[in-house]
Amino acid sequence: MASSQDLPKNYDFAEVEERWRSIWRDEDHYFDKKSKKPQFVIDTPPPYPTGNFHIGNALNWCYIDFFARYKRMKGFNVMFPQGWDCHGLPTEVKVEEINHITKNDVSREEFRRLCRELTEKNIGLMRITLRKMAFSTDWSNEYVTMQPKYYGKTQLSFLRMLASGYIYQSEHPVNYCTRCETAIAFAEVSYEDRETHLNFFDFDGVEIATTRPELLAACVAIAVHPDDERYRALKGRTMKVPLFCHDVPVVLDEAVDPAFGSGAVMICTFGDKQDVHWWKQHNLSLRKAIDRQGRMTEIAGKYKGLNTTECRAAILAEMKAQDILKRQEKLAQRVGTCWRCKTPIEILSERQWFVKIKPAEIADAAHKIAWYPEHMLLRMENWVEQMEWDWCISRQRIFATPIPVWFCKKCGEIALPEDKDLPVDPTQVNPKHPCKKCGSTEFDGEVDVLDTWMDSSISVLNVTGWDGSGTPPFFPAQIRPQGHDIIRTWAFYTILRSVALTGQKPWNEILVNGMVLGEDGFKMSKSRGNIIVPEEILVKYGADALRQWGAMGAATGSDIMFNWNDVVAASRFQTKMWNITKFALIQLEKEGLETDAQITALADRWLLVRLSDTVELVSDALEAYQFDVALKAIREFAWEVLADNYIELVKGRLYKSDESRKGACLALHTAFDALCRLLAPFTPYFAEECYSHLSPGSSVHKQPWVAFTYDDDAARIEGNLLVQVVAEVRKYKHDTGLALNAPLGKVTIYAPHTVNDEGDTGRTLNADVHWRTDAAKLDRVITGIDFNRSVIGPTFRKQAQAFMAAITALSPEQMANPPKTIMLEGTETAVPENAFTPKYSYMEEGAKVDVITVGDVILTIAKSA
RNA sequence: GGGCUUGUGGUCUAGUUGGUUAUGACGUCGCCCUUACACGGCGGAGGUCACCGGUUCGAAUCCGGUCAGGCCCA
């Protein structure tokens, strides 16, 4: 044990955290592939390397680290890997911004190099924050999706799913961002309210209302409701499109809302998702009026080359000139936009690669996973149920995993690489064999790349050791921690891919964390100015305080409002605990600890039984991922039980030097040692610092989880009573204007059992305390009744009120000695035991003593003259 | 418009199967610098548990509705 002289007066988190960071070794957190211990593999979310680890990430990682550390102490072989989900548009956009270029200004290779460099730099910055937060990351299992080692696996998974028919290519309408020039999935479309105009114009004699006149060239039909009398005559007709003069059929469809606009709608390829429905259902032709850059095509005639906004204005002007534009109405509209750049999306029909979505298969696997909290499963179910299109996985971008496919220049046949040739960039190298169909050796490499979710949806396969064949050695993982915002993406795609590639669910459990809202209760955003970054908290209060906030902020799974108060409270708890540490060490080093000392004093037994209760509660809470419950119980034990009550009780005994001191020392040591371990998952720096003074040279993080149990019901009951007695006397002193340490005279405690308090009570109260088991010789006067509703309710049901009224009406003598039966609404009814207790006021020989009752314990206080 | 979720003292928050006085933190008021701690201790004030109705002997808790917030989606 270190000398208590070494302990600084104040806990300096900055110094302590930095010191332990330099001492701890990464290897202690490595997953051991040969271990015989039960495995606990975590499918950690790979964050997007923006360079800033935001507070939402911090919360999620706190949760992960709590159970990672807990599981290690419980004897599990834990893998807490760290991945980086590198590919995607944001980095491309950032690179264009920083270098003042567009992706077309440099070669694909050069552009990728710039993206890789920026990403590496950002990863470096984020690693620093992860380390400061003391996350027990397994750096030996770090993965970076942009590195060949990883994206080779992404490509391998592509080939496997292509072979099994999950992946196919097809021309199909897809959501397309014309600014980013790429297809995107539904999961990447966000919606915004905008105001637009509904334009009413004459369409070959019929009034049509449209918000998108620029798509007139892409009109392929007119649709009306089959029951709409106004348009009965149109059935079976062909109509001529104004300005463009091509003929289109009239179709009848129940989905047309007769009340909207004129009740007749033009179907274009494609104005929105509904158009796609109609186009499929009525087998209409395809007219592509908008190209990948968002400009009008050949079929728009003289409008070719205009962007959609210009084209809209031009067509409306032309309509006016021809006098077919009748009127315009304002209309509130929801526009689908690209989630990254907010450009309204177009629906374009393009040759793309798709992954088949089999809802039943995904739902089945989702049901085999334990969801925390449970209701998050519903979100998955809802999303699965309403999937309409397959998942479009091809993107027309650069910084992403290349699609490992070539097309024969001569016959168009597809050529694929062999497993051993992966990873491959088909735009850089040719296939090793000539075309299987025609023997040609000339190929075009696929220029499209994969959706980033194709990378991240195999994170769990990667960490569990997938090599393309069968079930990976450590699959399924034990847990997936993630936010509820990406249930429809990351969780959904991961389940899909795991089922497709292994036939199994990816994890046993999924722990869904809430979002972190700003102090104003709104989602953090730059425009609101309510962003709090982890670094700010780390500098002001340290990692342990931030981690405590993560545990205590809210119940796991619910959204959590950031609150400086909680961080401050966390920091204060550390101060308190630091003082407990100092006190404990000062006491423990005075005389050597006797590990076989007898625990006989009530306070000591009480401390140990309360510790035992706390360990059980904390362990159960951690098993259920209820971090708030767990940490709250630890704090309560340290602060209330140990500091405010136990230490106050035994201080006097500890200052002495006799046999009774030894038991207190042992109890104190046991509790303090356990507290360090209980705190280890939550506040790793702080717990390590405290423990290092108790057991120099050994790390708390290498200790097993507390296994302490102490079975002593009597100690719990009598000890709680003792604490109550002390509290009541303190209150009495307070109420009668005495200082708490003022001498009190003689206090007699009439308790039902003999209590061995080793004089603790007397020293604590500064009074001459006598414990007695005989009955107090007091005159008592009944002043009221306390009813026990949990007895009366079930017994009397509807007569409960009547029963209580009857008891209240009894004479004081009858209340003190209640009759066996009582008349209740004309019926003689038995009086149950424990139905009520009289409230007494005690007198002894006039008014010489004050009397306090605590349960069935009676205290008389005779103040010293 | 739909799904999910929340509404508890000034602020944030706990409350598991309905059961005596509704948890804790911050703030606030009073007393106390007692050899670990004033970043502390002790005590107090402050709540018709959003609103309305129902089930029940009994509802913060269960059911229905209303209002308000949040998240995700159409």
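What counts and how
Residues numbered from 1 in each chain as written. Chains lettered and ligands numbered in written order. Predicted model: local features only at pLDDT ≥ 70, side-chain atom pairs only at ≥ 80, totals over all residues. Heavy atoms only, no water. Helix = DSSP H or I, 4+ residues; strand = E, 2+ residues; numbered from the N terminus. Contact = heavy atoms within 4.5 Å. Polar contact = N/O pair within 3.5 Å; in protein donor to acceptor, adjacent residues only side chain to side chain. Pairing = 2+ DSSP bridges. Axes fitted to C-alpha atoms, helices over the stretch in contact; angles between N-to-C directions. pLDDT = per-residue confidence, 0-100. Salt bridge = Lys/Arg side-chain N within 4 Å of Asp/Glu carboxyl O. Buried < 20%, exposed > 50% of the residue type's maximum accessible area, 1.4 Å probe, protein only.

All right, on to the environment of Gln293 then. Among the structural elements, Gln293 can be located in the loop between α6 (273–281) and α7 (308–321). Separated by 177 residues in sequence, Gln293 and Arg116 have C-alpha atoms that sit 26 Å apart. Beyond its immediate chain neighbours, meaning those up to four positions away, Gln293 contacts Thr178 and Glu181. Of note is the side chain of Gln293, whose polar atom sits 3.3 Å from the side chain of Glu181.

Our focus in this paragraph is the sheet that holds strand β12 (residues 264–268). Reading across from one edge, β10-β11-β9-β12 is the order of the four strands in this open sheet, with mixed pairing throughout. Because the sheet does not close on itself, it has two edges, and the strands there are β10 (238–240) and β12. The average undirected angle you get between the axes of adjacent strands in this sheet is 35°. Alignment of strand β9 (residues 219–224) against strand β11 (residues 247–252), held across three bridges, turns out to be parallel. Each residue of the ladder has a partner; that of Val224, found in β11, is Leu252.

What follows concerns the confidence of the model for chain A. Per-residue pLDDT for chain A has a mean of 87; in total, 97% of the residues score no lower than 70. Taken together, the chains of this predicted complex give a pTM of 0.84 and an interface ipTM of 0.88.

Applying the stated rule across the entire model yields 52 salt bridges. The closest approach of N and O atoms between Arg605 and Asp712, which form a salt bridge, is 2.9 Å. With Arg605 in helix α16 (residues 602–623) and Asp712 in the loop between α19 (684–694) and α20 (713–735), this residue pair connects regions lying 107 residues apart in the sequence. When sorted by exposure, Arg605 lands in the same class as Asp712, which is buried.

Let us look at the sheet that holds strand β23 (residues 507–513). Within the open sheet, the three strands sit side by side as β15-β23-β22. Their pairing is parallel. At either margin of the open sheet sits one strand with a lone partner, and together these are β15 (370–372) and β22 (477–483). For this sheet, the mean inter-axis angle between neighbouring strands, taken without regard to orientation, is 15°. Sheet topology places β15 next to β23; three bridges connect them, and they run parallel. Residue Tyr372 lies in a different strand from β23, and its bridge partner there is Leu511. Each of β15, β22 and β23 touches helix α12 (residues 487–502); the most contacted strand, β22, lies at about 160° to it.

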